[in-house]
Amino acid sequence: MPQMTVDGRTLALSHLDKVYYPRTGTLKGEVLRYYAAVHGALLPHLRDRPVSFLRCPDGVAAEVFVAKNPPPGTPDWVRTAEVPSNSGELRQVVLDDGAGLLSVVNLGCLELHVPQWHAAAPGLADRLVLDLDPGAGADVLTCRTVAGLLRERLAADGLEAWVKTSGGKGLHLLVPLEPTPSARVSAYAKELAAELEAARPELVVHTMAKARRTGRVLVDWSQNSAKKTTAAPYTVRARERPTVSAPLSWAELDAAGSAAELVFTIAEVPERLAAGGDPLGQLLDPARARSLPAAATHRARRPSSAGAGTPGRRDPVVLTPPVEVMRPAAVPAVPPADGLGGAGVLYELKLDGFRCVAFARGPERPAFLQSRSGRDLAAEFPPIAAAVARLPAGLVLDAELVAWRGGRFAFEELLRTRRDGAAEDVALGLIAFDVLALPGRDVRSLPLADRRRLLLAALAEVPPPVQPVLATTDRAEAVAWMEQLADTGVEGLVCKAAGSAYRPRGAGRVWVKYRRGDTVDATVRAVTGPPARPRAVVLELDDGRVLLSSPPLSPLQSRQVAELAAGRLGAPVHDPQYGDVRPLKVPLRAEVTVTGRPPAAHFVRLRGD
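Given the structure is predicted, the values throughout are model-derived calculations rather than measurements.

(A) Examining the overall build of the protein chain more closely. Secondary structure assignment for the protein chain yields 11 helices and 34 strands. For the protein chain, the spread of C-alpha atoms along the three principal axes comes to 90 × 65 × 45 Å. The buried share of the protein chain, reckoned over its 609 residues, is 52%. Considering only contacts in the protein chain between residues 6 or more positions apart, those separated by 24 or more positions represent 68%. Within the structure as shown, the protein chain displays about 26,400 Å² of accessible surface, and the carbon and sulfur contribution to it stands at 54%.

Shown next, in the form of structure tokens:
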């Protein structure tokens, strides 16, 4: 059986000489070679989107049918995701790599269709689509006229459009959006189409009735429904000829002298791609996304962006404290690059400091440094608060607040600084590992890979002490960093699914942490001894076991516990196992080592709040 190696996987292929397109004699093997040639450009347009297929296992002249479930024979290593359906939950393929793509194409999946939303956020569209379908007597050049009108109208609402052929007779317009409920996108698109029909009734219709479409172009807005899909860029179409839904530049569209110049087949597209790159590449840049107008009555012609002081400009601050944070689950080993769901892993250095969500709120409001427990740390770390205050209003960073002394991270200096202020030889830093909001834009629903790009762009010209964390998608490189930087106090790695949205619930499935040593996290439930000088702490491990710390706390540990537990202690109670204890009304988190049988918990330190 013929084989093909793609992205490190060797695939067994079948029936390569089967005729898929009788009119042109195009074989299944040629279709596979096409998808292998363009998968580098195609896959980013499919990323984290569930794929529906038009299957033609015996060619386009035989039975052709829609398939939403993974086709029989799909390899186990191809990622799938549960998505909503009328019957409850539906599991669909999510294509992450060329091997997955070629494996389903080998099973007769010819056309690829995707919704306007990601698998991680069903019904939350990050794209608007308008399908321009010519009626009898019209063609793709008629669609070009309508596309130009729509492009101008969208620009008046501050939206930028990209264009591709449908692979048939029409065009598709694609607009990147900030995540927006699909129902709202559909309503906006429908009103846009109806508005254009009212202005140009001889050219445009926005309803499906074929009797009204002669000589006109249907602006099909309905594919913005959460239940609908659109042909993906670069997908082959199941038509008489092996045409492709081909991305175009606006200049190329405007220059076309005939409809034939806007028809592209699998024989031509790879060369176009190699020569000019992907015309839709910028569509994938999250910085290009914009929000829809607030309401139809506000859609009067306006520039793409308002200047400072423009009347009616929206508040850039869209997130206010406190916010619930994602918390990684502890794991005993660094996950592989295809772990955590299979869409790639971002490996970040795990630093030794306080978790801190930093809110830049503009010149008239002070910065807010949200601690793990929701407190504001700004008064305890004025240099960091001042640095965050200088950032653009509305920027929200998830970060680690760290202290550096003597060539290493010094957690104990954070404790001393919050009490006495920073010593002269201590440098404070805010190491950002995620961005939750940009000015005027909540980005938590975007995939982590996109948020990482936005984070790096936001901090590109920002000087210390605010800096992005060191991160890589290469597991071997991350492990090497961890070992090489161990002497500086780097604790381990935080490993995150590249496609993960920022969703605190279920975070442990897509964010995990690996610590080099043998310490684990635990919750402090109570203390023993005087409140000002605790002797031990009652610990609840993440697996549910409850242990008393042993040996007794050192003087430094006792002072740390007393300081952070102040104001949280309840009235003393008698515990039948541990004697008199004072429960914490608000728990603290601690780092401990657990050894021996029966287990003994050695207190290392509190993790701060």
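(B) Quick peek at the nonpolar core. Among the nonpolar cores identified, the biggest contains 74 residues, and Tyr35, Leu132 and Leu173 are the most heavily contacted of them. The element best represented in this core is helix H1 (residues 28–46), accounting for nine residues. Sequence-distant contacts of Leu173, that is, excluding residues within four places in its chain, are made with Leu128, Val129, Leu130, Leu132, Ala147, Leu150, Arg151, Leu154, Ala161, Trp162, Val163 and Trp250. Residues Ala358, Leu401, Leu414 and Leu455 belong to the second largest nonpolar core, which totals 35 residues.

(C) Layout of the pairing of strand S12 (residues 171–181). Of all 11 residues that make up S12, nine are buried, and the element is covered over most of its length. Note that strand S10 (residues 124–134) and S12 share eight bridges and pair antiparallel. Paired with Leu128 across the strands is Val175, a residue of S12. Note: strand S11 (residues 162–165) against S12, four bridges, orientation antiparallel. The partner of Val163 across the bridge, within S12, is Leu173. Following S11, the chain reverses through five residues before pairing antiparallel with S12; Gly167 in that reversal takes a positive phi of roughly 90°.

(D) Structural detail: the sheet that holds S11. Ordered by their spatial adjacency, six strands build an open sheet running S13-S14-S10-S12-S11-S16, and the pairing between neighbours is mixed. Strand pairing shows two members of the sheet lacking a second neighbour, strand S13 (204–205) and strand S16 (247–248), which therefore form its edges. Across the face of the sheet, helix H3 (residues 140–156) comes into contact with S10, S12, S13 and strand S14 (217–220) while running at roughly 30° to S12. Taken strand by strand, helix H4 (residues 182–199) contacts S10, S12, S13 and S14, and its axis lies near 30° from that of S10.

(E) Structural context of the packing of aromatic side chains. Scanning the entire structure with this criterion turns up six aromatic pairs. Here the aromatic rings of Phe354 and Phe411 are separated by 5.4 Å at their centres, their planes lie at 85°, and the arrangement is edge-to-face. Taken together, the residues span a long stretch of sequence, with Phe354 in strand S19 (residues 354–359) and Phe411 in helix H8 (residues 411–420) at a distance of 57 residues. Judged by its relative accessible area of 2%, Phe354 falls in the buried class. Given a relative accessible area of 2%, Phe411 falls into the buried group. Aromatic side chains Phe359 and Phe368 sit 6.1 Å apart centroid to centroid with 85° between the ring planes, which places their arrangement in the edge-to-face category. For the pair formed by Phe359 and Phe368, the shared burial category is buried. Here a set of aromatic residues connected by ring pairs shows up, and it is made of Phe354, Phe381 and Phe411. The ring of Phe264 has Arg272 sitting right over it, with the charged end atom 4.1 Å from the ring centre.

(F) Structural view of the confidence of the model for the protein chain. Chain-level statistics for the protein chain give a pLDDT mean of 89 and a share of 95% at 70 or above. Low pLDDT, under 50, characterises residues 296–312; the stretch is placed with 21 contacts to residues that sit more than four places away or in other chains.

(G) Structural context of the pattern of salt bridges. Considering all chains together, one arrives at 32 salt bridges under this definition. Between Arg79 and Asp48 there is a salt bridge whose closest N-O contact spans 3.6 Å. One end of the pair, Arg79, is in the loop between strand S6 (65–67) and strand S7 (80–85); the other, Asp48, is in the loop between H1 and strand S5 (50–55), and 31 residues separate them in sequence. Relative accessible area serves as the criterion here: at 6%, Asp48 is assigned to the buried category. Here the residues in one salt-bridge network are Lys350, Asp352, Glu491, Glu591 and Arg605, joined through shared partners.

(H) Here's a closer look at the packing of H8 against helix H11 (residues 555–565). H11 packs onto H8 with a crossing angle of 50° between their chain directions and a minimal axis gap of 12 Å. As summarised for this structure, H8 and H11 are arranged oblique, according to the angle between their axes. The interaxial crossing formed by H8 with H11 has left-handed handedness. Of the residues in H11, those in contact with Phe411, Leu415, Arg418 and Arg419 of H8 are Arg559, Gln560, Glu563 and Leu564. Here the residues of the contact of H8 with H11 are counted per class, giving three nonpolar, one polar and four charged.

(I) Seen up close, the environment of Ala12. On the secondary structure map, Ala12 appears in strand S2 (residues 9–12). A residue is classified by how much of its surface remains accessible, and Ala12, at 42% relative accessible area, is partly exposed. Once you skip the residues sitting within four places of it in the chain, Ala12 turns out to touch Met1, Pro2, Gln3 and Asn106.

(J) Quick look at the side chain of Ser549. Within the secondary structure, Ser549 sits in the loop between strand S31 (546–548) and H11. On the basis of relative accessibility, which here comes to 4%, the residue Ser549 falls in the buried class. Not counting chain neighbours up to four residues away, the residues in contact with Ser549 comprise Ala536, Val537, Leu539, Ala601 and Phe603.

(K) Structural context of helix H7 (residues 382–389). Those residues of H7 that fall on the buried side of the exposure criterion are Ile384, Ala385, Ala387 and Val388. Down the axis, H7 shows its buried residues gathered within 160° of arc, on one side only. Looking at the buried side of H7, the elements it contacts are S19, strand S20 (368–370), strand S21 (396–405), strand S23 (427–438) and strand S25 (466–468).

Conventions adopted
Residues numbered from 1 in each chain as written. Predicted model: local features only at pLDDT ≥ 70, side-chain atom pairs only at ≥ 80, totals over all residues. Heavy atoms only, no water. Helix = DSSP H or I, 4+ residues; strand = E, 2+ residues; numbered from the N terminus. Buried < 20%, exposed > 50% of the residue type's maximum accessible area, 1.4 Å probe, protein only. Contact = heavy atoms within 4.5 Å. Areas by Shrake-Rupley, 256 points an atom, 1.4 Å probe, with all protein chains shown as cover. Core = buried A, V, L, I, M, F, W, Y, C linked by side-chain atoms within 4.5 Å. Pairing = 2+ DSSP bridges. Axes fitted to C-alpha atoms, helices over the stretch in contact; angles between N-to-C directions. Phe/Tyr/Trp six-rings, centres within 6.5 Å; stacked < 30°, edge-to-face > 60°. Lys NZ or Arg CZ within 6 Å of the ring centre and 35° of its normal. pLDDT = per-residue confidence, 0-100. Salt bridge = Lys/Arg side-chain N within 4 Å of Asp/Glu carboxyl O. Parallel < 35°, antiparallel > 145°, perpendicular 65-115°, else oblique. Left-handed = near helix turned anticlockwise from the far one by under 90°. Nonpolar A, V, L, I, M, F, W, Y, C, P; charged D, E, K, R; others polar. Arc of directions from axis to C-beta.

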